[in-house]
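# Structure assessment
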Amino acid sequence: MNGTETGSATLAELCDLISEQVHPADVPEALYVGLEHVTPGRLRRSGGGIAADVQSHKYAFRRNDILYGKLRPYLDKAILADTDGVCTTELLVLRAKPGVDPRFLACLVHDPDFVEHALTGVTGAHHPRTSWAHIAQFECPRFSYEEQQAIAALLWRIQDLLKVCEDTLEVAQDLKRAAMRELFTRGLRGEPQKETEIGPVPESWRVVELGSLCLPTDQVDLISEGDRVIHYIDVSSVSRESLRVETTTEYLLKDAPGRARKRVRSGDVIFATIRPTLLRAARIDEALDNQVCSTAFCVLRTADPEQLGKYVFYAVQRPEFLELLTRIETGASYPAVTDRQVKAQPIPLPPPDEQREIVAILEAIDRKIALHRDKRRVLEDLFKALLHKLMTGEIRVSDLDLSTLEHADESTSSAAEEAV
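Residues numbered from 1 in each chain as written. Predicted model: local features only at pLDDT ≥ 70, side-chain atom pairs only at ≥ 80, totals over all residues. Heavy atoms only, no water.

## Description of the pattern of salt bridges
Short version of the rule: Between Lys or Arg on one side and Asp or Glu on the other, a salt bridge is scored when a side-chain nitrogen of the former is within 4 Å of a carboxyl oxygen of the latter. By the criteria applied, helices consist of DSSP H or I runs no shorter than four residues and strands consist of E runs no shorter than two, each listed in order from the N terminus. Relative accessibility under 20% of the residue-type maximum defines a buried residue, over 50% an exposed one, and the middle range a partly exposed one, all with a 1.4 Å probe and only protein chains included.
Under the counting rule described, the total for this entry stands at 32 salt bridges. In this structure, Asp227 and Lys254 form a salt bridge, with 2.8 Å as the shortest nitrogen-oxygen distance. Of this pair, Asp227 sits in the loop between α6 (222–225) and β15 (229–233) while Lys254 sits in the loop between β16 (249–252) and β17 (260–264), placing them 27 residues apart in sequence. Summarising the burial analysis for this pair, Asp227 and Lys254 share the class exposed.

## Some words on the packing of helix α7 (residues 305–315) against helix α10 (residues 352–391)
Where we set the bar: Each axis is a line fitted through C-alpha atoms, taken for helices only over the stretch in contact, and angles between the N-to-C directions span 0 to 180 degrees. Roughly parallel here means an angle under 35 degrees, roughly antiparallel means over 145, roughly perpendicular means 65 to 115, and every remaining angle is called oblique. Two helices cross in a left-handed way if the nearer one is turned anticlockwise from the farther one by less than a right angle. They cross in a right-handed way if the turn is clockwise. Contact definition: two residues touch when any of their heavy atoms are within 4.5 Å. As a working rule, the residues Ala, Val, Leu, Ile, Met, Phe, Trp, Tyr, Cys and Pro are called nonpolar, Asp, Glu, Lys and Arg charged, and the rest polar, with Gly in that last group.
Contact geometry for α7 and α10: axes closest at 9 Å, N-to-C directions at 60°. Between α7 and α10, the interaxial angle falls into the category oblique. Read as a crossing pair, α7 and α10 show a hand that is left-handed. When α7 is examined against α10, the residues Gln307, Leu308, Lys310, Tyr311 and Tyr314 are found in contact with a partner set consisting of Pro352, Gln355, Arg356, Val359, Leu362, Glu363 and Asp366. In terms of residue class, the contact of α7 with α10 is built from six nonpolar, two polar and four charged.

## A short note on a nonpolar patch on the surface
To be explicit about the condition: Patch criteria: residues need more than 30% relative accessible area and no salt bridge. Like-charged residues are merged within 9 Å; nonpolar side chains of Val, Leu, Ile, Met, Phe, Trp and Tyr are merged within 5 Å. Working definition of accessibility: Shrake-Rupley area with a 1.4 Å probe, residue cover restricted to the visible protein chains.
A cluster of nonpolar residues, Tyr74, Leu75, Leu119 and Val122, forms a patch on the protein surface that exposes about 310 Å² of accessible area. The topology assignment puts Val122 in the loop between α3 (112–119) and α4 (132–135).

## What to know about the sheet that holds β16
Put simply, the rule reads: A pair of strands is treated as paired once DSSP finds two or more bridges between them.
A sheet is described by the order of its strands in space; here four strands give the open sequence β16-β15-β20-β17, paired in mixed fashion. The sheet is open, and its two edges are formed by β16 and β17, each paired on a single side. Put simply, the sheet's adjacent strands are angled 45° from each other on average, direction ignored. Sheet analysis places β17 next to strand β20 (residues 291–294), joined by four bridges and oriented antiparallel. The residue of β20 that forms the bridge with Ala260 is Ser294.

## So, the environment of Val292
Along the chain, Val292 falls in strand β20. The class of Val292 is buried, set by a relative accessible area of 0%. Sequence spacing of Val292 and Arg265 is 27 residues, and the spatial spacing of their C-alpha atoms is 9.0 Å. The residues contacting Val292, other than those within four sequence positions of it, are Val220, Arg228, Ile230, His231, Tyr232, Ile233, Leu253, Ala260, Arg261, Lys262 and Val264.

## Description of the packing of helix α5 (residues 145–186) against α7
Interaxial distance between α5 and α7 falls to 12 Å at its minimum, and their mutual angle equals 115°. With respect to each other, α5 and α7 are oriented roughly perpendicular. Judged by residue contacts, Lys176, Met180 and Phe184 of α5 engage Tyr311, Tyr314 and Ala315 from α7.

## Notes on the packing of aromatic side chains
Definition in use: Classification of ring pairs uses Phe, Tyr and Trp, with its six-membered ring standing for Trp, and accepts pairs whose centres are within 6.5 Å; under 30 degrees between planes counts as stacked, over 60 as edge-to-face, and the remaining range as tilted.
Applying the stated criterion to the full structure yields seven aromatic pairs. Here the aromatic rings of Phe104 and Phe143 are separated by 5.6 Å at their centres, their planes lie at 70°, and the arrangement is edge-to-face. With a gap of 39 residues between them, Phe104 in helix α2 (residues 102–108) and Phe143 in the loop between β11 (139–141) and α5 connect regions that are remote in the sequence. A centroid spacing of 5.9 Å and a plane angle of 90° characterise the contact between Phe271 and Phe321, whose relative ring orientation is edge-to-face. Taken together, the positions of Phe271 in strand β18 (residues 269–272) and Phe321 in helix α8 (residues 319–326) put the pair 50 residues apart, joining distant regions of the chain.

Next comes the structure, spelled out in structure tokens:
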């Protein structure tokens, strides 16, 4: 196959399973890696603990071992160890054999073909796990050591760009949180503050019930509109990350789920009342005007959706607003609040011109956050596409034009500096 040596190799020919057990009490200061420290699709750990904080026997690993998540292999969890330590027994410790680049091996176990192979060997209904005996049989082209190094260098470079992009995104999100705290407590005019039931706010501001800013909303009529094709917005339709409606499902209204009752209009703000502190909120755009959402949303409609509506959208994102809801939510398994309770909460209300300026600032930050998310998505797609084509030998590193990646490297670095 192009870019490979003759024949194929099994995973067992590329690495060994290391099952050296150790008790955390014997190495209390050692790094501990659990499944929670491994992010799907990433090559590096996203955190770690210390052995003293865990119990029962763990696996010992060395720097450059691969820690592969055997539990629910569709989660695609596998990392290259950056130091010695101990890990949960839900992670298999794989050690590259001589002549195998560990960084290449870490990439290989993320290949979609490998994930699919691992899934065919799972056992257990509630906690599906694959096994070494099964994944050891996975076959891939036999690459020379030099080709392994070239493949690994390219794929790790993309992962490095992803890390920079994610760090920049985190900085931008921190900036938004800090800006919201400042804007909603101090305002933009440098005014003296007054104490209110929700804390200090500028003297010219009012504190009002959210519902006092909202217009009545309506429900759809199943009898007269039942044969209309609708785009149904469920709680899962709203992304917690982007605070946008990302997906909808088409139904005849009469066939939609029983929770499909509320009509939404362009400019409405929808706020999920189930697990409200998780913050699933979004503004309805023109494409979804006169569509239908779940009754698990509180619909907030204002007389001026382009100004007051946008201000309300940001006001309900405030941590202080969500904290008020945590105090009144009920239900152990599915904590929730009612529409009436959401609308009864107090929010700060500046004069209209200051509302407009606050919204403009937060929208500018949101645009930067969206840009970084888009870059991350492009890099993730690029990594997945190249990973599969390189691991199957469909293409070689030497066949690629890497000028686009060079540009991505420069733009990502610039974005990181700008965010800081």
